[in-house]
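Each chain, written out:
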Amino acid sequence: QVQLAASGGGLVQAGGSLRLSCAGSGRAFSSYYMAWFRQASGKERELIAAISRSGGVTYVADFVKGRFTISRDNAKNTVYLQMNSLKPEDTAVYYCAADRTTYAGSYYQDYAYWGQGTQVTVSS
């Protein structure tokens with residue numbers, strides 16, 4: 001079992017950058033595939049990025065590709081989402097998720113564990 005705590009959100013101007021962190025507690029963090037989702041007000045939760053257990057394989061959704069990067073540091077039990085060139089449409093609550101068997105699943109039920117979410121607001 002793993003507990004996840006997301007942090008790093010905030011208010012930023014368009015064109016700015018933020019780095020989100022998701023710290024995992026519990027055992028064997030490196031045995032989990034990790035992902036970041038976001039949910040804007042009135043919209044469905046969507047997969048942004050995912051990373052393999054070792055960090056050697058990543059997926060980034062087309063709509064943020066070239067601006068967002070996912071990475072992990074298993075020694076620190078943490079996964080990151082670096083967000084550059086932020087746009088107002090990136091405004092959402094961002095969630096991290098973990099699962100032992102699913103890599104880059106697109107649905108809520110694909111993941112056994114979720115963090116609490118961190119708000120990102122991008123002003124124009």
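Please read these numbers as outputs of a predicted model, since none were measured by experiment. (Residues numbered from 1 in each chain as written. Predicted model: local features only at pLDDT ≥ 70, side-chain atom pairs only at ≥ 80, totals over all residues. Heavy atoms only, no water.)

Draft legend 1. Expanded view of the side chain of threonine 118. On the secondary structure map, threonine 118 appears in strand β11 (residues 118-123). A polar contact is formed between the side chain of threonine 118 and the backbone nitrogen of glycine 9, at a distance of 3.1 Å. Excluding residues within four positions of it along the chain, threonine 118 makes contact with Ala6, Ser7, Gly8, Gly9, Leu20, Ala92, Val93 and Tyr94. (Helix = DSSP H or I, 4+ residues; strand = E, 2+ residues; numbered from the N terminus. Polar contact = N/O pair within 3.5 Å; in protein donor to acceptor, adjacent residues only side chain to side chain. Contact = heavy atoms within 4.5 Å.)

Draft legend 2. How the structure looks around the environment of glutamine 13. Positionally, glutamine 13 belongs in strand β2 (residues 10-13). Apart from the residues lying within four places of it in its own chain, the contact partners of glutamine 13 are Val122 and Ser123.

Draft legend 3. Broad picture of the packing of aromatic side chains. As enumerated under the stated definition, the model contains seven aromatic pairs in all. On the numbers, 5.4 Å between centres and 85° between planes, the contact of phenylalanine 37 with tyrosine 111 is edge-to-face. Taken together, the residues span a long stretch of sequence, with phenylalanine 37 in strand β4 (residues 33-39) and tyrosine 111 in the loop between β9 (92-99) and β10 (113-114) at a distance of 74 residues. Members of the aromatic cluster, connected to one another through ring pairs, are Phe37, Tyr95, Tyr108, Tyr111 and Trp114. The positively charged end of arginine 45 is found above the aromatic ring belonging to tyrosine 95, 3.8 Å away from the centroid. The aromatic ring of tryptophan 114 is capped on one face by arginine 45, whose charged end is 4.9 Å from the ring centroid. (Phe/Tyr/Trp six-rings, centres within 6.5 Å; stacked < 30°, edge-to-face > 60°. Lys NZ or Arg CZ within 6 Å of the ring centre and 35° of its normal.)

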